[in-house]
Amino acid sequence: MERVLLVTVDLDTEQDKWMVEDIGSELEELASACGVEVVDNVVSTRDKATPDLFIGKGKVQELIFMCEEMRVDTVIFSHDLSGTQQRNLEAQLKRKTIDRTQLILEIFSKHANSPEGKLQVELAQLQYLMPRLVGKGLVLSRTGGGIGTSGLGEQKLELDRRRIRKRIEKLKNDLKHLSLHRKTIRKKRKDNLIPSVTLVGYTNAGKSTLLNTLTGSGQVVKDSLFTTLDSLSKLMKLPNGEKVVLSDTVGFLHKLPHHLIEAFKATLEEVTEADVLIHVLDVSHPRAYQHNKAVFEVLGELEAENKPVIVALNKIDLVEDKRWLEKLKEDFSQPVPVKNGHIAVTPITISAKMKLNLDVLLKEIQKNLSSRMERLEFLIPLARMDLVNLLYQEGSVIEIEYQQKGIKIKASIPKILSLKLLKDKDVKKLGR
């Protein structure tokens, strides 16, 4: 197993910064998701980063000693390094040196399974590498295996700026075609008046578990960061009988690099096109408030401020102090300021794993989509049981009475179905 040394840097110049303990803890979680052995996590406190080594020369000497003593293979920094800083550190440490973004890309590379996911990861990798190229040509592959070598590194190609630009252009075009395909599918849903509900949230908050519980899907669930990278959409039925499409998305992260958002725009379009967003928040996590803020920052970047958002306060089964849940509900009921305004939210406490309060969540989704349904009363001939079955399948039957002249039935159904029924010569509308 690859042995890594983490370097958590605490910069005074950072705005909206986390506590150094939280930065270091999340870096350890990211490293763990890569399947490496963390030998130590060193903290370096500085007023600002140095242009040549990011940290001070004294701290570099300390790292050199630690790398030798602990037989370190790779050094991982909590902040992004410039090309110059990375090369200088590797020369001094005589160890492979990567930064947080490279670590995230490594995880993405391991977890991308679909063709679209792989294209998005490669695009993000190339966009990260492009400004770090020096001179003409760069060997992207690294000798040996381990972290930071998958994806592009395995190709073992020498690519110059021109060839990388061409590849980026091709990847963007390929993703554009995939985006058009997604738009076609979404248009079909909208033509059929099938609303879409999209799950968003910090990585490892429980989105896939909730999707599995609500739809019976077999999405892979694992207690690790970025287990699910490829988006998945499944049909489900609300208590009133309305069908909706529930979609999962890639997990968000504190200071998610902007080019990662750009690369995954095709997938994240599910967020911008959704009728309702469910923000799944792990309230058992000690950094729940920071995670909540990080997610809404990304939603602001995606200009989703006009979407109704239900905050699903997940994993309540792991919270011992139930008074704390009341405080969380109160705190997370306030409108959240984002880039272009505020996002109104409704908090619901749930446990996706233990199936707690999911009926309340479904009713809240239903409430946000209520304008799409209507309650009508029909008289249907006894010979048209196919229409009765249709009402049961596509809506919620409230009352049914079998009479000699036909079947009197009151149901809550999607408006598109009511239009279809009213065109049928055998159906008579009785009222609302």
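None of the values given here were measured: they were computed from a predicted structure.

Peer 1: What exactly am I supposed to notice about the side chain of Asp22 here?
Peer 2: Within the secondary structure, Asp22 sits in helix 1 (residues 20-33). Despite its burial, Asp22 remains without a salt bridge, the nearest opposite charge being carried by Arg287 at 4.0 Å. Engagement of the side chain of Asp22 in a polar contact is seen with the side chain of Gln290, the distance being 3.2 Å. Every residue in contact with Asp22, bar those within four places of it in the chain, is listed here: Arg287 and Gln290.

Peer 1: Explanation requested: the sheet that holds strand 15 (residues 373-380) in the structure shown.
Peer 2: Picture the strands of a sheet paired through backbone hydrogen bonds; they go either parallel or antiparallel. Ordered by their spatial adjacency, four strands build an open sheet running 16-17-15-18, and the pairing between neighbours is antiparallel. In this open sheet, the two edge strands, each paired with only one partner strand, are strand 16 (396-403) and strand 18 (428-431). On average, each strand axis in the sheet is inclined to that of its neighbour by 30°, with strand direction left out of account. One ladder, built from seven bridges, connects strand 16 with strand 17 (residues 406-414); its direction is antiparallel. Each bridged residue has a counterpart across the sheet, and for Gln403 the counterpart in strand 17 is Gly406. Taken strand by strand, helix 14 (residues 415-422) contacts strand 15, strand 17 and strand 18, and its axis lies near 145° from that of strand 17.

Peer 1: I'm lost on the pattern of salt bridges in this one. Help?
Peer 2: When the charged atoms of two side chains lie near each other, side chains of opposite charge can form a pair. Counted according to the given criterion, the structure contains 16 salt bridges. The shortest N-O distance in the salt bridge between Arg3 and Glu37 comes to 3.3 Å. In this pair, Arg3 is assigned in strand 1 (residues 3-11) and Glu37 in strand 2 (residues 37-46), connecting sequence segments 34 residues apart. Its relative accessible area of 17% is what places Arg3 among the buried residues. Between Lys59 and Glu62 there is a salt bridge; the shortest N-O distance is 3.2 Å. One end of the pair is Lys59 and the other is Glu62, both in helix 2 (residues 57-69) and three residues apart, which spans about a single turn. Here Lys59 falls in the buried class, since its relative accessible area comes to 19%. Since its relative accessible area comes to 35%, Glu62 is described here as partly exposed. When salt bridges with common partners are traced through the structure, they connect Arg384, Asp386, Asp424 and Asp426 into a single cluster.

Peer 1: I tried to follow the side chain of Asn314 on my own but got confused; where do I start?
Peer 2: As for its position among the elements, Asn314 is in strand 11 (residues 309-314). Judged by its relative accessible area of 3%, Asn314 falls in the buried class. At 3.0 Å, the side chain of Asn314 forms a polar contact with the backbone oxygen of Ala205. From its side chain, Asn314 meets the backbone nitrogen of Ala352 in a polar contact 2.9 Å long. In this structure, Asn314 is in contact with Ala205, Gly206, Val280, Leu281, Asp282, Val283, Ser284, Ile350, Ser351 and Ala352, ignoring residues within four places of it in sequence.

Peer 1: Whenever I open this one, the sheet that holds strand 14 (residues 345-349) confuses me. Can you help?
Peer 2: The mixed open sheet is built from six strands, whose spatial order is 8-9-7-10-11-14. The outermost strands of the open sheet, each flanked by one partner alone, are strand 8 (232-237) and strand 14. Adjacent strand axes in the sheet meet at a mean angle of 25°, parallel and antiparallel pairs treated alike. Two elements, strand 7 (residues 196-201) and strand 10 (residues 276-282), share five bridges in a ladder whose sense is parallel. Looking at the pairing, Val200 lines up with His279 of strand 10. Helix 7 (residues 207-215) contacts strand 7, strand 8, strand 9 (243-248) and strand 10 of the sheet and is inclined by roughly 155° relative to strand 9.

Reading guide: rules and limits
- Residues numbered from 1 in each chain as written.
- Predicted model: local features only at pLDDT ≥ 70, side-chain atom pairs only at ≥ 80, totals over all residues.
- Heavy atoms only, no water.
- Helix = DSSP H or I, 4+ residues; strand = E, 2+ residues; numbered from the N terminus.
- Buried < 20%, exposed > 50% of the residue type's maximum accessible area, 1.4 Å probe, protein only.
- Lys, Arg positive; Asp, Glu negative; His and termini not counted.
- Salt bridge = Lys/Arg side-chain N within 4 Å of Asp/Glu carboxyl O.
- Polar contact = N/O pair within 3.5 Å; in protein donor to acceptor, adjacent residues only side chain to side chain.
- Contact = heavy atoms within 4.5 Å.
- Pairing = 2+ DSSP bridges.
- Axes fitted to C-alpha atoms, helices over the stretch in contact; angles between N-to-C directions.

Such coordinate-based values are descriptive only and should not be taken to indicate function.
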